[in-house]
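A look at the structure
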Amino acid sequence: KKRQKRHAESRRKKTMKLQEKGTFEYLKRKKKQNLLIMLISFAVVFAVFFAGLAVFKSRNNYCTLIATVLVLPAAKFAVAYFVLLPHKSATQAQKEAVEAAAGALTCCYDCVFSNSKSPIGTQAVVVTDNAVCALTQEEKADKTLFETSLRDFLKNEKLAANVTLYTDEKTFLNRVRGLAANFDDTDKRSMDRMEWITHAMKNMCL
């Protein structure tokens with residue numbers, strides 16, 4: 001029983017980790033989850049509405065009122081799904097290339113950053129104790145908006161970091177290698193600061 005309990009706890013922790021923002025293929029999993037929730041929500045709305053029609057033979061009943069109220073949360077789930085839909089996940093090849101270049105630096109994947117205008121999706125983000133480098137394949141991604149909004153967000157968290165958004169993977173990887181070469185992973189303050197910046201950055205993501 002103890003072994004089964006430890007196995008169940010280990011599986012639960014693994015599942016929770018896979019659901020964390022910044023994990024590889026997070027976006028794929030989140031899209032599927034949001035799609036399922038959206039479909040179930042609208043199925044409930046229609047089920048309540050048509051149940052009212054079947055019972056009362058008219059739309060003027062309590063079930064119609066309940067269905068109307070339930071449309072609001074269902075619509076929110078639909079928005080959550082469609083906001084993520086245009087953004088692409090990182091490939092396995094990209095993940096391997098980033099991790100080979102990053103060394104001891106923190107690597108995040110499939111981060112969609114919110115801002116005042118339009119969310120910007122990234123395939124990979126590498127964080128150090130004083131810099132954030134991101135890679136996007138979105139042609140319409142606003143580089144200035146991304147960099148300014150993330151810097152301001154970190155500043156509100158009492159953190160400062162140089163933020164750069166790249167659209168060319170080769171240039172991005174070269175920058176990551178340079179950052180990794182100059183990072184001291186034996187310095188606890190640097191490691192802690194890298195963790196704080198990563199945590200704050202994820203709070204900005206959808």
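Attention in this report is confined to the structure presented alongside it. (Residues numbered from 1 in each chain as written. Predicted model: local features only at pLDDT ≥ 70, side-chain atom pairs only at ≥ 80, totals over all residues. Heavy atoms only, no water.)

Regarding the packing of helix H2 (residues 26-56) against helix H3 (residues 62-84)
- It is at 9 Å that the axes of H2 and H3 come closest, and there the two elements cross at 165°. If you check the angle between H2 and H3, you find them roughly antiparallel. Remark: the crossing between H2 and H3 carries left-handed chirality.
- Among the residues making up the contact of H2 with H3, the classes are represented as 23 nonpolar, four polar and two charged. (Axes fitted to C-alpha atoms, helices over the stretch in contact; angles between N-to-C directions. Helix = DSSP H or I, 4+ residues; strand = E, 2+ residues; numbered from the N terminus. Parallel < 35°, antiparallel > 145°, perpendicular 65-115°, else oblique. Left-handed = near helix turned anticlockwise from the far one by under 90°. Nonpolar A, V, L, I, M, F, W, Y, C, P; charged D, E, K, R; others polar.)

A short note on H3
- With 23 residues, H3 ought to run about 33 Å at 1.5 Å a step, and its terminal C-alpha atoms sit 35 Å apart, in line with that.
- Val71 marks the point of greatest bend in H3, at about 25°, and the proline Pro73 comes within the next four residues.
- Residues of H3 that are buried include every one of Thr64, Ala67, Ala74, Ala78, Tyr81 and Leu84, and no others.
- For H3, the elements touching its buried residues are H2 and strand E2 (112-113).
- Near the N-terminus of H3, the side chain that reaches the backbone nitrogen of Cys63, with its oxygen 2.9 Å away, is that of Asn61. (Expected span 1.5 Å × (residues − 1). Bend = angle between axes of the 7 residues up to and from the residue. Buried < 20%, exposed > 50% of the residue type's maximum accessible area, 1.4 Å probe, protein only. Contact = heavy atoms within 4.5 Å. Polar contact = N/O pair within 3.5 Å; in protein donor to acceptor, adjacent residues only side chain to side chain.)

Focus on helix H6 (residues 169-181)
- Taking 1.5 Å as the rise per residue, H6 with 13 residues should run 18 Å; its terminal C-alpha atoms sit 18 Å apart, in good agreement.
- For H6, the elements touching its buried residues are helix H4 (92-102), strand E4 (124-127), strand E5 (131-135) and strand E6 (162-166).

Focus: the sheet that holds E6
- Across the sheet, which stays open at both edges, the four strands sit in the order E1-E4-E5-E6 with mixed pairing between neighbours. This sheet does not close on itself; its edge strands, each paired only once, are strand E1 (106-109) and E6. Each strand of the sheet is rotated relative to its neighbour by a mean of 15°, with strand direction disregarded.
- As defined by bridge partners, E4 adjoins E5 across four bridges and the pair is classed as antiparallel. Residue pairing for E5: Ala124 is matched across the bridge by Leu135. (Pairing = 2+ DSSP bridges.)

Considerations on a nonpolar patch on the surface
- Taken together, the side chains of Tyr62, Leu65, Ile66 and Val69 present a nonpolar region at the surface, about 460 Å² in accessible area.
- Along the chain, Leu65 falls in helix H3. (Patch = residues over 30% accessible without salt bridge, like charges linked within 9 Å, V, L, I, M, F, W, Y side chains within 5 Å. Areas by Shrake-Rupley, 256 points an atom, 1.4 Å probe, with all protein chains shown as cover. Salt bridge = Lys/Arg side-chain N within 4 Å of Asp/Glu carboxyl O.)

Quick word on the state of the cysteines
- Scanning the entire structure with this criterion turns up zero disulfides.
- Cys108 takes part in no disulfide bond, and the closest cysteine sulfur, belonging to Cys111, lies 5.0 Å away. (Disulfide = S-S within 2.5 Å.)

Some details on the pairing of E5
- With five of its five residues buried, E5 lies for the most part within the structure.
- Side chains of E5 alternate between two faces, with Ala131, Cys133 and Leu135 and Val132 and Ala134 buried alike.
- With antiparallel pairing between neighbouring strands as the criterion, E4 and E5 make up a hairpin whose turn holds three residues.
- Across five bridges, the pairing between E5 and E6 is parallel. Across the sheet, Val132 pairs through a bridge with Val163, a residue of E6.
- Regarding topology, helix H5 (residues 143-156) serves as the crossover connection from E5 to the parallel E6, and that connection is right-handed. (Right-handed = clockwise from strand over helix to strand, strands pointing away.)

Looking at the nonpolar core
- Counting 42 residues, the largest nonpolar core has Phe113, Val125, Val132, Leu150, Leu154 and Phe172 as the members making the most contacts within it.
- Taken together, the elements giving at least two residues each to this core come down to H4, E1, E4, E5, H5, E6, H6 and helix H7 (188-203).
- Aside from chain neighbours lying at most four places away, what touches Leu150 is Phe113, Val132, Val163, Met201 and Met204. (Core = buried A, V, L, I, M, F, W, Y, C linked by side-chain atoms within 4.5 Å.)

Digging into unusual backbone geometry
- With a phi angle near 65°, Glu25 is a residue other than glycine that sits in the positive phi range.
- Along the polypeptide, Glu25 turns up in the loop between helix H1 (2-18) and H2.
- Overall, Glu25 belongs to the partly exposed group, its relative accessible area being 29%.
- Unusually for a residue other than glycine, Lys57 sits at a positive phi of about 60°.
- Residue placement: Lys57 occurs in the loop between H2 and H3.

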